[in-house]
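Results of the structural survey
Here is what each chain is made of, one letter per residue.
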Amino acid sequence: MQKLLFTPGPLSTSKTVKEAMLEDMGSRDHAFLLAVKDIRNGLLKLAGVSKEEGYECVIMQGSGTFGVESVVGSVVGTNDTLAILVNGAYGERIVKMAKINRINHVVLRFEEDEIVTPEATEKLLNEHPEVTHVACIHSETTTGLFNPVEAIGAVCKAHNKSFIVDAMSSFGGVEMDIKQMHIDFLVSSSNKCIEGIPGFSFALCKRTELEKAKGQGRSLSLDLYDQWNGLESNGQFRFTPPTLSIMAFRQAMKELEEEGGVKAREERYKTNKKILDEGMAALGFKQYLRPQIQGHIITSFLYPTDIPFNFEDFYNQLNDRGYVIYPGKLSKADAFRIGNIGQIFPEDIKGLVAAVKEVLQ
Ligand SMILES: *Cc1c(COP(=O)(O)O)cnc(C)c1O
């Protein structure tokens, strides 16, 4: 049985994406180098920018976290200070990175059911003139909320701060123009909304900001500048590349285009979300977030309180029926999560809701 993943990565991929991995590929193979080039240019295009406009795409081996750590650990220098805007586990992860990498940092925390506000960001920047960089999560996968990155970006721009955005679970599933959003570094990975398989992350960078990272990386393998330099000089990775994941990703980008681009994919995810909301509400499930701040990527549902409910049982029984959901990660409430990204279509959501009903009964 082919299970469907209602998780925010890894997620369900198409057969043709998986088939793109069937041929062994050397890291110097012409076809591979061409795929890397296509992907780097194509990702910039998805973000509304290009090399000519002063942006660069750096691919980094590893999962999404490796990409975020590569950016944070390379671009924030010894004498710089990073402001981290936190309202969930992924923001906390950047705080952890700052500590381990011994980066000067200040943290602005919000409740997990509140968005980061541009007003509070502005106040923080006024109180901390030493801040040089600001980091924020776009789609906080912990809960499913969307932070207003464009408004926060405008504050960063007005205060002349470099802006780093973890758009891991939203890029490719939400239309974004990184120039308009004043984003200097956007990070996402191969197995989120572009619907590739795991293996690498990528950073879309404003070149003038990326150039400042020269010689200040805190790790050999995660040095963003050196990785860029390697890719630029001979088109190759410094260390063994995720060859087949790259080939699958290029196919995934083709399929994104065939679907109608980011706009069409966003519409599919929103349709999935609407069917999920209605179906789960009809079964009596309440959501953790208020709808105004809820994004269309993943939803947190509170454990029901009016019936006996054991998440492990619930999870296992859905899993036996071919539907894989995701546990919660909230610090103050019991919830589980259902993502509607990946190769998931309205019929699949209907199938999931029917399976949830059956399991509850
Ligand atoms: C998935 C995700 C990451 C990266 O997680 P990995 O497990 O390292 O791929 C980072 N930030 C957000 C918001 C995510 O959704």
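Just so you know, these numbers come straight off a predicted model, no measurement behind them.

Strand order across the open sheet formed by three strands is β11-β14-β13, with antiparallel pairing between neighbours. Each edge of the sheet is formed by a strand with only one pairing partner; in this case those strands are β11 (298-302) and β13 (326-327). Sheet topology places β13 next to strand β14 (residues 335-339); two bridges connect them, and they run antiparallel. Bridging across to β14, P327 finds its partner in F336.

This next bit is on the layout of surface pockets. When its volume is computed, the largest pocket comes out at roughly 390 Å³. In terms of lining, the largest pocket is formed by 23 residues, of which the most central are N160, K161, D184, K206 and E209. If you list the elements that add at least two residues to the lining of the largest pocket, you get α6 (149-158), β8 (162-166) and α7 (207-211). When grouped by side-chain class, the residues that make up the lining of the largest pocket number seven nonpolar, seven polar and nine charged. When its volume is computed, the second largest pocket comes out at roughly 320 Å³. Looking at the second largest pocket, the residues that line it are D38, I39, G42, K45, L46, R250, M253, K254, L256, E257 and G261. If you list the elements that add at least two residues to the lining of the second largest pocket, you get α2 (30-46) and α9 (243-259).

Across the sheet, seven strands lie side by side as β2-β10-β9-β8-β5-β3-β4; this open sheet has mixed pairing. Here the strands that pair on one side only, and so sit at the sheet edges, are β2 (55-61) and β4 (105-109). Averaged over all pairs of adjacent strands, the angle between their axes in this sheet comes to 20°, without regard to strand direction. As judged from the five bridges shared by strand β9 (residues 185-189) and strand β10 (residues 200-206), these two strands associate in the antiparallel manner. What sits directly across from V187, in β10, is A203. The strands that helix α4 (residues 89-100) touches are β3 (82-86), β4, β5 (133-137) and β8; relative to β3, the one it contacts most, it runs at about 155°. Its contacts with the sheet put α6 on β3, β5 and β8, and the angle it makes with β8 is roughly 160°.

What follows concerns α6. All of the buried residues in α6 are V149, I152, G153, V155 and C156. Buried residues of α6 fall within an arc of 160° about the axis and therefore sit on the same side. Opposite the buried face of α6, by more than 90 degrees, sit the exposed residues K157 and A158. Those residues of α6 that are buried lie in contact with β3, α5 (118-127), β5 and β8. Backbone geometry just downstream of α6 places N160 in the positive-phi region, at approximately 60°.

Turning to the domain arrangement of the protein chain, a few remarks are in order. Examined at the domain level, the protein chain breaks down into domain 1 (17-257) and domain 2 (261-360). Relative placement of domain 1 and domain 2: their C-alpha centres are 27 Å apart. Opposite the 28 residues of domain 1 that make contact, domain 2 presents 26 residues. Carbon and sulfur atoms supply 51% of the area that domain 1 and domain 2 bury against each other, a total of about 2,300 Å² over both sides. Linking domain 1 with domain 2 are four salt bridges. A salt bridge links E195 to R268; the shortest N-O distance between them is 3.0 Å. Put simply, domain 1 and domain 2 have 19 residue pairs in polar contact (both at pLDDT 80 or more) between them. When contributions to the side of domain 1 that touches domain 2 are tallied by element, the ones reaching two or more residues are α4, β7 (145-146) and α9.

A word on the packing of aromatic side chains. By the definition in use, this model includes 17 aromatic pairs. Members of the aromatic cluster, joined through ring pairs, are F285, F301, Y303, F309, F311, F314, Y315 and F336. The cationic tip of R268 hangs over the ring face of F345; the distance from NZ or CZ to the ring centre is 4.6 Å.

So, on to the site of the ligand. The environment of the ligand is formed by S63, G64, T65, Y90, R93, I137, S139, T141, D166, M168, S169 and K192. In this structure, an oxygen atom belonging to the ligand sits 2.8 Å away from a side-chain N or O atom of K192. For the ligand, whose accessible area on its own is 380 Å², the fraction buried by protein is 84%. At the level of secondary structure, the elements contributing two or more residues to the shell around the ligand comprise α3 (64-75) and α4. Here the residues of the shell around the ligand sort into three nonpolar, six polar and three charged.

Orientation of α5 relative to α6, taken along the N-to-C sense of each, is 25°, at an axis distance of 9 Å. In terms of orientation, α5 and α6 fall into the roughly parallel class. Every pair of crossing elements has a handedness; the one defined by α5 and α6 is right-handed. Each of P118, T121, E122 and L125 in α5 lies in contact with α6, whose residues at this interface are A151, I152 and V155. By residue class, the composition of the contact of α5 with α6 is five nonpolar, one polar and one charged.

Once that is clear, we can look at the environment of T243. Along the polypeptide, T243 turns up in helix α9. Judged by its relative accessible area of 15%, T243 falls in the buried class. Each C-alpha atom, one on T243 and one on T13, is 17 Å from the other, the two residues being 230 residues apart in sequence. Setting aside anything within four residues of it in sequence, one finds T243 in contact with M25, G26, S27 and F32.

Cut-offs used in this document
Residues numbered from 1 in each chain as written. Predicted model: local features only at pLDDT ≥ 70, side-chain atom pairs only at ≥ 80, totals over all residues. Heavy atoms only, no water. Pairing = 2+ DSSP bridges. Helix = DSSP H or I, 4+ residues; strand = E, 2+ residues; numbered from the N terminus. 1 Å grid on protein atoms, 1.4 Å probe; cavity = no way out; pocket = protein on both sides within 12 Å on 5 of 7 lines; lining within 4 Å. Points joined across faces, edges and corners; volume = space filled by probe spheres on them. Nonpolar A, V, L, I, M, F, W, Y, C, P; charged D, E, K, R; others polar. Axes fitted to C-alpha atoms, helices over the stretch in contact; angles between N-to-C directions. Contact = heavy atoms within 4.5 Å. Buried < 20%, exposed > 50% of the residue type's maximum accessible area, 1.4 Å probe, protein only. Arc of directions from axis to C-beta. Domains from an automatic or database assignment. Buried area = accessible area lost by both parts, 1.4 Å probe. Salt bridge = Lys/Arg side-chain N within 4 Å of Asp/Glu carboxyl O. Polar contact = N/O pair within 3.5 Å; in protein donor to acceptor, adjacent residues only side chain to side chain. Phe/Tyr/Trp six-rings, centres within 6.5 Å; stacked < 30°, edge-to-face > 60°. Lys NZ or Arg CZ within 6 Å of the ring centre and 35° of its normal. Near = heavy atom within 4 Å. Areas by Shrake-Rupley, 256 points an atom, 1.4 Å probe, with all protein chains shown as cover. Parallel < 35°, antiparallel > 145°, perpendicular 65-115°, else oblique. Left-handed = near helix turned anticlockwise from the far one by under 90°.

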